[in-house]
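Spelled out, the chains give:
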Amino acid sequence: MKRTLAFGGLVATAGLLAAGLAAPAQAAGRTWANDNLASTNSAALQVIKYWRGERASNFENATPYTVETKVAAKHVSKGGPSADSKPGVVPAIGDEKKSSSTSKNVNLPKTTGKVFFRGADGRPHWCSATSVQSTYHNLVATAGHCVYDTVSNKATMDYWVFVPGYYQGKTPWGIYVGKTAYTHYDYDVYEDGDRDYAFVTVYNGVLPSWEKRRLVIKDVGRLGDNVGGQGLAYNQKIGSSVYVFGYPSGSHPDGNHAFSGKTLKWSYGKTFAATAPAIKAEELQGVKSSFTGEGSLGSAWLLQYKSARRLGYLNGVTIGVSDTDGNDRYDTSVSPYFDGETYGVYNAAKNNWSGKITAQ
């Protein structure tokens, strides 16, 4: 992970200046970068111990991640994101054969949950995330800055796990330790807000317990086999309707405490072109939503969501919220536009096996 620092308009790679080394050039045709989260079995076990030690107090004490949540986004009528190739979709797990089922009710997806990690402040935090389709049913999508540490210029967050359906310390489908994170090269190097998304491979889920002061690990299988996985859509037309699913928490600027972050919430609307220059984002998509920023980072934007099957196509992830009319209430969520380069990052991640975590 190569972080960047700006000096009087000049950009240099953090950690390389002192050594007198040049920043690495992007490999020809390669738009993605990857970094290890827990690359070995022993490292994954340490992650589990961090979250399940002391009666899971780190889970209980975790707070919503608040870095880069409020952005000054603008709704634009000209310009904005555009497709870089033909529109494409990857079907959801279990939905490989086209389904035409519809439902008037909004059944919440099992695929969505929280990612937990230790931030630059040394404290436990969380964001929203979702399971997505992959060859080995082991892939999670979230905001890039819920994986990569943009505060300390360190590579990745420590002790990264995904917990679908998390509620008050309960992990109904297990804890899934992150193995390898994949992001766009431009986010990896330049923190380009237009590329603020990440796909993370995870180990099989575990349900750990302590017996006679010894950590016992029960393997519960692959993520996608347990909760399913959303499909992926890219190069889709702006103006499409999406559901946004996440765990918003915290208050609006006027002090109204709208969401607790304890339960999964949803909003619905049509996407529109947006920009947020302060985070180097000129080709975003926005949707009208009352979600507050704390906790909603990484929320899943699902296109053509079928409530009966709880499946659709992931077409964005929340990277920030904005008060666009100045009334001290958040009214807009923003996401990178998913295009062919997004699919390239996903494609780099989707075929990588993770395996089991076994006790030692």
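Not measured: the values here are computed from a predicted model. (Residues numbered from 1 in each chain as written. Predicted model: local features only at pLDDT ≥ 70, side-chain atom pairs only at ≥ 80, totals over all residues. Heavy atoms only, no water.)

1. Some remarks on the overall build of the protein
Move 1: The helix and strand inventory of the protein stands at 5 helices and 25 strands.
Move 2: Expressed as a percentage of the 360 residues in the protein, the buried residues total 56%.
Move 3: Contacts in the protein between residues at least 24 apart in sequence constitute 73% of all its contacts with a sequence separation of at least 6.
Move 4: Total accessible area on the protein stands at roughly 15,400 Å², and carbon and sulfur atoms take up 48% of it. (Helix = DSSP H or I, 4+ residues; strand = E, 2+ residues; numbered from the N terminus. Buried < 20%, exposed > 50% of the residue type's maximum accessible area, 1.4 Å probe, protein only. Contact = heavy atoms within 4.5 Å. Areas by Shrake-Rupley, 256 points an atom, 1.4 Å probe, with all protein chains shown as cover.)

2. As for the pattern of salt bridges
Once the charged atoms of two side chains with opposite charge are near each other, the side chains can pair.
Move 1: A complete count under the given rule lists 6 salt bridges for this structure.
Move 2: With its nearest N and O atoms 2.5 Å apart, the salt bridge here joins Arg-329 to Asp-254. In this pair, Arg-329 sits in the loop between strand 24 (320-322) and strand 25 (332-336) while Asp-254 sits in the loop between strand 17 (249-251) and strand 18 (257-260), placing the two residues 75 residues apart along the sequence.
Move 3: Classification of Arg-329 as partly exposed rests on a relative accessible area of 33%. (Salt bridge = Lys/Arg side-chain N within 4 Å of Asp/Glu carboxyl O.)

3. Remarks on unusual backbone geometry
Move 1: A positive phi angle, near 55°, is found at Tyr-159, a position not held by glycine.
Move 2: Mapped onto the fold, Tyr-159 is located in strand 10 (residues 158-164).
Move 3: Looking at Tyr-159, the relative accessible area reads 27%, which means it is partly exposed.
Move 4: For Asp-328, which is not a glycine, the phi torsion comes out positive at approximately 65°.
Move 5: Following the sequence through the fold, Asp-328 ends up in the loop between strand 24 and strand 25.

4. Considering helix 5 (residues 340-350)
Move 1: Looking at helix 5, one finds that the buried residues are Thr-342, Val-345, Tyr-346, Ala-348, Ala-349 and Lys-350.
Move 2: Turning to helix 5, the residues buried within the fold contact strand 3 (32-36), strand 6 (88-90), strand 9 (139-143), strand 11 (176-184), strand 12 (197-202) and strand 15 (231-234).
Move 3: The opening residue of helix 5, the one whose side-chain oxygen lies 3.0 Å from the backbone nitrogen of Glu-341, is Asp-339. (Polar contact = N/O pair within 3.5 Å; in protein donor to acceptor, adjacent residues only side chain to side chain.)

5. Examining the sheet that holds strand 21 (residues 281-288)
Within a sheet, adjacent strands bond to each other through the backbone by hydrogen bonds, running parallel or antiparallel.
Move 1: Within the open sheet, the 5 strands sit side by side as 5-20-21-25-24. Their pairing is antiparallel. Unpaired on one side and paired on the other, strand 5 (74-75) and strand 24 mark the two borders of the sheet.
Move 2: Pairing of strand 5 with strand 20 (residues 272-276), which is carried by 2 bridges, proceeds in the antiparallel orientation. The residue bridging His-75 from the neighbouring strand is Ala-274, located in strand 20. (Pairing = 2+ DSSP bridges.)

6. Examining the packing of aromatic side chains
Move 1: The tally for this structure, following the rule as stated, stands at 20 aromatic pairs.
Move 2: Taking the centre distance of 4.8 Å and the plane angle of 75° together, the rings of Phe-59 and Phe-116 count as edge-to-face. One end of the pair, Phe-59, is in helix 2 (residues 57-61); the other, Phe-116, is in strand 7 (residues 112-118), with 57 residues separating them in the sequence. Taken as a pair, Phe-59 and Phe-116 share a single burial class, namely buried.
Move 3: Among the aromatic residues, ring-to-ring pairing joins Tyr-50, Trp-51, Phe-59, Phe-116, Tyr-159 and Tyr-166 into one connected group.
Move 4: If you follow Lys-114 out to its NZ or CZ, it ends over the ring of Trp-126, 3.7 Å from the centre. (Phe/Tyr/Trp six-rings, centres within 6.5 Å; stacked < 30°, edge-to-face > 60°. Lys NZ or Arg CZ within 6 Å of the ring centre and 35° of its normal.)

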